[in-house]
Amino acid sequence: GVEIIRQGDEGDEFFLIGEGMVGVRMVKNGSERHVADLGPGQFFGEAALITGEPRNATVVAKEETLLYVLDKHTFKTALDSSATFKEQLINVYFSRQ
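Residues numbered from 1 in each chain as written. Predicted model: local features only at pLDDT ≥ 70, side-chain atom pairs only at ≥ 80, totals over all residues. Heavy atoms only, no water.

Student: Account for the packing of aromatic side chains, with residues named and values stated.
Tutor: Counted according to the given criterion, the structure contains five aromatic pairs. Between Phe14 and Phe43 the ring centres are 5.4 Å apart and the planes differ by 40 degrees, which places this aromatic pair in the tilted class. Taken as a pair, Phe14 in strand β2 (residues 13-19) and Phe43 in strand β5 (residues 43-44) lie far apart in primary sequence, 29 residues in all. The same class applies to Phe14 as to Phe43, namely buried. Taking 5.1 Å as the distance between ring centres and 35 degrees as the angle between the ring planes, the aromatic pair formed by Phe14 and Phe75 counts as tilted. Taken together, the residues span a long stretch of sequence, with Phe14 in strand β2 and Phe75 in helix α2 (residues 72-81) at a distance of 61 residues. In terms of burial, Phe14 and Phe75 fall into one category: buried. (Phe/Tyr/Trp six-rings, centres within 6.5 Å; stacked < 30°, edge-to-face > 60°. Helix = DSSP H or I, 4+ residues; strand = E, 2+ residues; numbered from the N terminus. Buried < 20%, exposed > 50% of the residue type's maximum accessible area, 1.4 Å probe, protein only.)

If you want it as structure tokens, here you go:
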């Protein structure tokens, strides 16, 4: 039940799920809806780092969860140094729009 990121907040970290499950919720037009559940090997937080806009969703741990976190600088360094990582993130970013 721990809130990891909140819709509307500034995004300064990227998260990769090592273990556990998180739920993604969005408020749109005044109503909240469940968007997705994400598990091991999946990630979140990329949109705010790519666009510079506030967080577009709230992510909450649904069970005990292990997360790997990259700060904004490390995230951008990883993007610049790995074309494969960058391509995968861009593909996921656009599929989530």
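Student: For the packing of α2 against helix α3 (residues 83-95), give the residues involved together with the corresponding values.
Tutor: Put simply, α2 and α3 touch, their axes get as near as 5 Å, and they point 110 degrees apart. Relative to α3, the element α2 lies roughly perpendicular. Contacts from Phe75, Ala78, Leu79 and Ser81 in α2 reach Ala83, Phe85, Lys86 and Leu89 in α3. Looking at the contact of α2 with α3 residue by residue, the classes come out as six nonpolar, one polar and one charged. (Axes fitted to C-alpha atoms, helices over the stretch in contact; angles between N-to-C directions. Parallel < 35°, antiparallel > 145°, perpendicular 65-115°, else oblique. Contact = heavy atoms within 4.5 Å. Nonpolar A, V, L, I, M, F, W, Y, C, P; charged D, E, K, R; others polar.)

Student: Describe the nonpolar core, naming the residues involved and giving the relevant values.
Tutor: Ranked by size, the top nonpolar core spans nine residues in total: Ile5, Phe15, Ile17, Val22, Val24, Leu38, Phe44, Ala57 and Val59. Taken together, the elements giving at least two residues each to this core come down to β2 and β3 (22-28). Residues in contact with Phe44, not counting those within four places in the same chain, are Ile4, Ile5, Phe14, Phe15, Ile17, Val22, Leu38, Val59, Leu67 and Arg96. Counting residues in each nonpolar core, the second largest holds seven residues, with Phe43, Leu49, Phe75 and Leu79 among its members. (Core = buried A, V, L, I, M, F, W, Y, C linked by side-chain atoms within 4.5 Å.)

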